[in-house]
Amino acid sequence: MFIATLIAADRLSGGDISAAEDAARAAGADLLGRSWVEPDKACDLIFASAPQPVRAALECRIPGLDVVVQGEAGRRKRLLVADMDSTMITVECIDELADYAGLKAEVAEVTERAMRGEIPFEAALRARVALLQGLDEAVIERCHEERVRITPGAEPLVRTMRREGAECLLVSGGFSRFADRVAAQIGFSRAVSNELGISGGKLSGGVVGAIVGAETKRQALLDAAVAIGLDLTETLAIGDGANDIPMLESAGLGVAYRAKPRVAAAAAARIEHNDLTAILYAQGYSRSEWAA
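Residues numbered from 1 in each chain as written. Predicted model: local features only at pLDDT ≥ 70, side-chain atom pairs only at ≥ 80, totals over all residues. Heavy atoms only, no water.

Draft legend 1. Examining the sheet that holds strand 2 (residues 30-38) more closely. The strand order 2-3-1-4 describes an open sheet built from four strands, whose pairing is antiparallel. Only two strands of the sheet have a single partner each, and these edge strands are strand 2 and strand 4 (65-71). Between one strand axis and the next, the sheet turns through 20° on average, direction left out of account. Across seven bridges, the pairing between strand 1 (residues 2-8) and strand 4 is antiparallel. Paired with Ala4 across the two strands is Val69, which belongs to strand 4. Packed on one face of the sheet, helix 1 (residues 14-26) meets strand 1, strand 2 and strand 3 (42-48) and runs near 150° to strand 2. (Pairing = 2+ DSSP bridges. Helix = DSSP H or I, 4+ residues; strand = E, 2+ residues; numbered from the N terminus. Axes fitted to C-alpha atoms, helices over the stretch in contact; angles between N-to-C directions. Contact = heavy atoms within 4.5 Å.)

Next comes the structure, spelled out in structure tokens:
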């Protein structure tokens, strides 16, 4: 059996649920019942039939409503692997660093193209970092304090999953000077990210070691699952850019969070209207079950 979780950005009405049920039936769903995850906010529709036509019928059907369709078994995941920039935090750190060098527009354009999958991520990262050569190392701390903001819902998502025994891993194509602090603040088990080259108190314009890109993210998911002894169906991945696609496709549930079109098309679920707590509702956690 399958579950379609309806998650409203505002209020989920009985009429919304009925409209969703009608759309699901029209797509061939054999509806077996409905159940509130959170009254007036999130509701499960339980059905037996092919899930993809139901997902296609329900997504974008009702304004302000996100829909996650998945198997009923194992919906509470035991491993979370998440992207950082524009996913767990609200900004792209490299764009914000570039702003202190007066190069934000130039760097942000390359970032956007890389996240849309128009240019290779690794080459784009090296080109952007090269533009930051000579920037004072102290700007990293300043940028973190002034610009980095945690995405709403990130902390309850990660802390609830950790409390319930899940491993939570932050895997970022960004930089360790940001990722390590963000991971600790939100509650991740650990972080994997790139290291900016620094020499004489200034950015060298390079990255130390191999770049954390799309394949690294995918492999981090696979390795963590093996280390814990999990089947991939027990895993969850979240991201927004093209370099997240391989890990989203490999996870038991890959969620595109306010993502680029190519990423949203590749993921098994997408969140466009809600914050990251939608992923708790999708796992069947009511608000009373969230970690403080």
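There is more to say, and it comes next.
Draft legend 2. Up close: the packing of helix 3 (residues 93-100) against helix 4 (residues 104-115). Orientation of helix 3 relative to helix 4, taken along the N-to-C sense of each, is 165°, at an axis distance of 8 Å. Here helix 3 lies roughly antiparallel to helix 4, going by the angle between them. For the pair helix 3 and helix 4, the sense of crossing is right-handed. Mapping the contact onto sequence places Ile94, Asp95, Glu96, Ala98 and Asp99 in helix 3 and Lys104, Val107, Ala108 and Thr111 in helix 4. Its residues assigned to classes, the contact of helix 3 with helix 4 shows four nonpolar, one polar and four charged. (Parallel < 35°, antiparallel > 145°, perpendicular 65-115°, else oblique. Left-handed = near helix turned anticlockwise from the far one by under 90°. Nonpolar A, V, L, I, M, F, W, Y, C, P; charged D, E, K, R; others polar.)

Don't take any of this as a statement about function, it's just geometry.
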